[in-house]
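Read off the chains here:
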Amino acid sequence: MRHFVIAAIAAAGLLATPAMARVVTVEFSVEGGESEVWVFDEKAAMVTAPDGEAYPYTFDEEARKVCATTAEGDLCATFTGGTGEIKVGEVSDYTATNGNSGQSTITAIVE
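Residues numbered from 1 in each chain as written. Predicted model: local features only at pLDDT ≥ 70, side-chain atom pairs only at ≥ 80, totals over all residues. Heavy atoms only, no water.

Caption draft 1: Region of interest: the pairing of strand E7 (residues 91–96). What you see with E7 is a clean split: Ser-92, Tyr-94 and Ala-96 sit on the buried side and Val-91, Asp-93 and Thr-95 on the side with no burial. One ladder, built from 4 bridges, connects strand E6 (residues 73–80) with E7; its direction is antiparallel. Across the sheet, the residue bridging to Thr-80 is Asp-93, located in E7. Both E7 and strand E8 (residues 101–110) contribute to a ladder of 5 bridges, which runs antiparallel. Residue Thr-95 lies in a different strand from E8, and its bridge partner there is Ser-101. Joining the antiparallel neighbours E7 and E8 is a turn of 4 residues, in which Gly-99 adopts a positive phi near 95 degrees. (Buried < 20%, exposed > 50% of the residue type's maximum accessible area, 1.4 Å probe, protein only. Helix = DSSP H or I, 4+ residues; strand = E, 2+ residues; numbered from the N terminus. Pairing = 2+ DSSP bridges.)

Caption draft 2: Representation of the pattern of salt bridges. Counted according to the given criterion, the structure contains 1 salt bridge. A salt bridge links Glu-42 to Arg-22; the shortest N-O distance between them is 2.9 Å. One end of the pair, Glu-42, is in the loop between strand E2 (35–41) and strand E3 (46–48); the other, Arg-22, is in the loop between helix H1 (3–11) and strand E1 (23–30), with 20 residues separating them in the sequence. As far as burial versus exposure is concerned, Glu-42 and Arg-22 are alike and both buried. (Salt bridge = Lys/Arg side-chain N within 4 Å of Asp/Glu carboxyl O.)

Shape is all these values report; function is a separate question.
This is the structure:
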């Protein structure tokens, strides 16, 4: 389950800065594995995992690097590809500090 935390963090690369008041739902696939859905609350700068746990996250827009503070420590991911637009259907690749990689897809946006 925890390997998906880093996937969720990567989605923040799809998100604008936390000043926006959107809730963005993202489906993450791990290369060669499963997928899960995570929910990002940009205003609160929190990401909610499928098990209901919420983690604070930060996003370095220039580096396209996101980090979340979890019970297991800081987990970061670098986001590449895609257009960077916040729109339903946007797909992007990510590589995480724990060695995971895959694709993320925005499946819903609530303004």
